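# Descriptive structure summary
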Amino acid sequence: MSVISLFADLDLPLSHPHPHHPVAARAAAATHHTSGLRAQARMSWRIARLAVHLAAGCSRVALLYPLVGERTQRKMRARWSRQLLGVLGVELQAQGPLPRPGQLLVSNHISWVDVFVINAISPLSFVCKDEVRNWPLLGWLVARNHTVFIRRASRSSAAEVRDRLVGSLSCGRSVMVFPEGTTTDGRAVLPFRAALFQAAIDAGRAVKPVRLRYVDHRGEHSDAAAYIDDVSFWQSVCMLARAPRTVARVELLPALPSHGLTRQDLAQVTHAQVSATA
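Conventions adopted
- Residues numbered from 1 in each chain as written.
- Predicted model: local features only at pLDDT ≥ 70, side-chain atom pairs only at ≥ 80, totals over all residues.
- Heavy atoms only, no water.
- Buried < 20%, exposed > 50% of the residue type's maximum accessible area, 1.4 Å probe, protein only.
- Helix = DSSP H or I, 4+ residues; strand = E, 2+ residues; numbered from the N terminus.
- Pairing = 2+ DSSP bridges.
- Expected span 1.5 Å × (residues − 1).
- Contact = heavy atoms within 4.5 Å.
- Salt bridge = Lys/Arg side-chain N within 4 Å of Asp/Glu carboxyl O.
- Polar contact = N/O pair within 3.5 Å; in protein donor to acceptor, adjacent residues only side chain to side chain.

### Let's talk about the pairing of strand β2 (residues 104-107)
Side chains Leu104 and Val106 of β2 all project onto a buried face; the interleaved residues Leu105 and Ser107 project onto the opposite face, where all are buried too. Inspection of the sheet shows β2 paired to strand β5 (residues 175-177) by 3 bridges, in the parallel sense. In the sheet register, Val106 faces β5, and the bridge partner there is Val177. Pairing analysis gives 4 bridges linking β2 to strand β6 (residues 207-216), with the strands arranged parallel. Residue Leu105 lies in a different strand from β6, and its bridge partner there is Lys208.

The following block contains the structure:
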């Protein structure tokens, strides 16, 4: 199940099931398991704070966004995203050069949290499936932060989104896409679908690979943030809120010029870099 889903080369992205992965079972335990009073108390406290934080974010967007410029909006978005991670017990560790204006960022995709992890570092526009508009509070916020929505059931939507991406990149606004087309548990990176790489070529802009990982408080791979299989959004929130501490590790890799390359070339090269140590 993907929060941020992209079209393939005009093929609709299909979810990649993980039928034997234990995440779904742990998700059910996160919402119904009664043992572990400390974990239960931690989850309740964080979710209560999350509700307050979401409400505050909606108020700021509704009241302050119309009064300030885009630069101030970006600062507000970065600060709010950092606070959101703190509320959920997610520590952010990032390395590498920040994206320059007008770059197309591509990353592996693990969780709905990915968007806020990136926004906490450098607020960007994202490509997002149209269904997210209907999410309570969070969908409303996403819709008002330069999100490009894509209708997964419509082939024409892919072309429309590419045109919008070209316009955004050409005017110096960086955009991030998740070209796997779905989420994974982060242990491996699925092949990148090449369709939206064409936007960088048409705009004459560089592509910047980004590598995401989530580890626990011991530095070992963590499934706490994974949003896959039949895990519901609520179960995913509970899994993350129960975890003692989750570390989001972000590697911002060197940008690649798009000149002289096909979209398939860009997809292959960036996939090799993102999956190198994922």
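### With respect to helix α3 (residues 70-87)
With 18 residues, α3 should reach 26 Å at 1.5 Å per residue; the first-to-last C-alpha distance of 25 Å fits that figure. Within the span of α3, buried status applies to Gln73, Met76, Arg77, Ala78, Trp80, Ser81, Leu84, Leu85 and Val87. Where α3 is buried, its residues touch α2 (37-63), β1 (90-95), α4 (114-121) and α5 (138-143). Residue Gly89 follows α3 closely and has a positive phi angle near 75°.

### Concerning the pattern of salt bridges
In the structure shown here, the tally under the stated rule is 7 salt bridges. We note a salt bridge from Glu91 to Arg245, for which the minimum N-O separation is 2.2 Å. With a gap of 154 residues between them, Glu91 in strand β1 and Arg245 in the loop between α8 (233-242) and β7 (246-252) connect regions that are remote in the sequence. With relative accessibility at 32%, the residue Glu91 sits in the partly exposed group. Residue Arg187 pairs with Asp185 through a salt bridge whose shortest N-O separation is 3.3 Å. Here Arg187 falls in the partly exposed class, since its relative accessible area comes to 45%.

### Observations concerning unusual backbone geometry
Even without glycine at this site, Asp229 takes up a positive phi of about 55°. Mapped onto the elements, Asp229 comes out in the loop between β6 and α8. With relative accessibility at 17%, the residue Asp229 sits in the buried group.

### Quick notes on the side chain of Ser107
Mapped onto the fold, Ser107 is located in strand β2. For Ser107, a relative accessible area of 0% corresponds to the buried category. For Ser107, the side chain forms a polar contact with the side chain of Asn108, separated by 3.4 Å. Polar side-chain contacts of Ser107 include one of 3.3 Å to the backbone oxygen of Val210.

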